Amino acid sequence: MTSKTYWLEHAWLGTHVEPGVALDVRDGRITAVRPDTDAPPPGAEILRGLTLPGLANAHSHAFHRALRGTVQVGSGTFWTWREVMYATADRLTPDTYHALARAVYAEMALAGVTAVGEFHYVHHAPGGTRYADPNAMGEALIAAADEAGIRITLLDTAYLSSGFGRPPTGHQLRFSDGDAGAWAARSSLLKERDHVRIGAAIHSVRAVPADQLETVARWAEERRAPLHVHLSEQTAENEACLEIHGCTPTQLLALHGVLGPRTTGVHNTHLTAEDISLIGGSGTGTCMCPTTERDLADGIGPAVALQNEGSPLSLGSDSHAVIDLFEEARAMELNERLRTRTRGHWTAAALLRAASADGHAALGWAEAGALEPGALADFTTIALDSVRTAGPLPRLGAETAVFAASAADVSHTVVAGRHVVRDGAHSLVPDVPRALADAVEALRG
Ligand SMILES: [Zn+2]
C-alpha cells in the first residue's frame, strides 16, 4: 500500500479554483481533498501552479504523428492527405509502431494527457498477413502507453471494406480481418490491465458493411465497452451512403443499433437536423478534433446543437498535427465564434470538462477526470509563471487553462499517483524529442 500527500498551490475543483489544497492519494486513488490547507503538510509533495484533473485525449492515431510538418503544406483535400497517410501506415512494424507510439504518448504526458483513446486499425502485416501474435500491433500500443506512463483505451477498430462493401485494396489490406466475426474473435483476445481498457471502433460506414455493424455493436454491448466511430467527417461519405443505403450515415448507425450512451461519434461534422436529434437523443457522445478538422479542411461540426440535444462532448488530437488539449478546447469555442460571429458558446469550465471528465467517460474511465475522493489519482499542473500565464490575472479560473495556457505550460503530470512528468521533464522517457525524431526517421520512406 502506498500513500502520499500532494499540496496544490491552486486546484481546479470543478466549479472554481481553490488556493491551498492538500490531496491524499493511496494506491493510485484520491482518498481526500482538503481545501483551506494554507501551508504544505510535512512531507507533502508541492505542486506550484494550477492543478487540473488529468486530460483525456479521446481520439488518437499515434502513427499520424510521423506526418507532422509534411502534410500540412501544399494543396489538396482529405482524400489526397489520406494517400500520404496510407503510405506511412504501410511502413509500420510492431517494433517501429511501438517506438513511435511510446514517444507520442510521452509527448502527450508532457502535455498533461493522462489517458488516450487509440483508434487502432493497423492490425496485420502489409498485404494482410497475420503476425504470429494476431494482436502484435495492439500490444505494441499497450506497451507504449505503459512505458510512457499513461492510460490507454485501445479502441480496436473494424476496418473491412474500401467503401460500402467493396473489398479492401492495397494499403487497406493490413487493416482488415476479413469480416466482423473474425474482427471480434481477434479483439476478444485482448485483455484489460490496470492502465488498459479495451473498446471497439467502427472505422466508418464506408469501412464496415451495413450487415456487419451489429456484430461490432453487440461485441461492445456485451462488454459494456466504449464504441467509437468516425461519423460524417466528409460530405462525400454522406453522398455515397445516401446513394447506396438511401439514408445518412447516422441513420444507418441508428438502424443497426450502434448509437447509445457508450458510443462516441468522432467529428460528427456534416449532419442533418434529424442526425443531430438521433445522436443527442440516444446519448451518443461527440468527439471533436478541431486542430485536425481545420488542418484537413473538413468543416466545423455542430457541437453546440449536438450538446443541446444531449450529446456529451469530448476532444481529441486525432492526426497530431498539434498535441495540445488546451488548444483543442479553445478551438471548439473559437470555431463557433467564427461561424456565428457571436461569442461565449461554452464557459471555460465546460471546455475543460470536455477535455477531462467527459473525455475520460468516453473512453471508459468514468472514475477519472475530477479532483475528488474516490477518483483515480490522475492530474496535471500548469505553471502560472510562464510567458503565457504570468501576470496578475483578474480571475484565476478555468479561463487561465483554456484561454491562456498551452501544452508547453504543463509542469507536472501524475497518473495513478505516479509522477510521470516532473518540472516539465518526463520521468520514464528521458529524451522525448530524440525519441520522436528517431521513431519518425525510422518510418521515412
Ligand atoms: Zn480519426
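Refer to the structure above for everything that follows.
Description of the structure in this document. Note that this is a predicted model, so its numbers are computed, not measured.

Here the zinc ion is held by the protein donor atoms His59 (NE2), His61 (NE2) and His230 (NE2), which lie 2.1 to 2.2 Å from it. Mapped onto the polypeptide sequence, the residues donating to the zinc ion form the spacing pattern H-x1-H-x168-H. Note that His59 is positioned in strand 5 (residues 55-60) and His230 in strand 9 (residues 227-231), a separation of 171 residues in sequence. When its relative accessible area of 0% is taken as the criterion, His59 is described as buried.

Along the chain, His123 turns up in the loop between strand 6 (113-120) and helix 3 (136-148). As for His123 and Ala89, which are separated by 34 residues in sequence, their C-alpha atoms are 10 Å apart. Each residue touching His123, except ones within four places of it in the same chain, is listed here: Tyr131, Pro134, Met137, Asp156, Thr157, Arg174, Phe175, Asp177 and Arg186.

Okay, the nonpolar core next. With 125 residues, the main nonpolar core has Phe63, Tyr105, Val122 and Ile152 as its most contacted residues. Ranked by residues supplied to this core, first place goes to helix 2 (residues 94-110) with nine residues. Taken domain by domain, this core gets at least three of its residues from each of domain 1 (3-53 + 369-426) and domain 2 (56-362). Apart from residues no more than four positions distant in its own chain, Tyr105 is found in contact with Ser60, Ala62, Val116, Glu118, Leu141, Ala144, Ala145, Ala148, Ile150 and Ile152. Grouped together as the second largest cluster of nonpolar side chains are 13 residues, Tyr6, Val25, Leu47 and Ala375 included.

What follows concerns the side chain of Gln212. Position of Gln212 relative to the elements: it lies in the loop between strand 8 (196-202) and helix 5 (213-223). On the accessibility criterion, Gln212 (17% relative accessible area) is buried. A polar contact of 2.6 Å, which involves the side chain of Gln212, links it to the backbone nitrogen of Ala180. Gln212 has contacts with Leu160, Asp179 and Ala180, leaving out every residue within four places of it along the chain.

What counts, and at which threshold
- Residues numbered from 1 in each chain as written.
- Predicted model: local features only at pLDDT ≥ 70, side-chain atom pairs only at ≥ 80, totals over all residues.
- Heavy atoms only, no water.
- Donors = N, O, S within 2.8 Å, 3.2 Å for Na, K, Ca; no water.
- Helix = DSSP H or I, 4+ residues; strand = E, 2+ residues; numbered from the N terminus.
- Buried < 20%, exposed > 50% of the residue type's maximum accessible area, 1.4 Å probe, protein only.
- Contact = heavy atoms within 4.5 Å.
- Core = buried A, V, L, I, M, F, W, Y, C linked by side-chain atoms within 4.5 Å.
- Domains from an automatic or database assignment.
- Polar contact = N/O pair within 3.5 Å; in protein donor to acceptor, adjacent residues only side chain to side chain.

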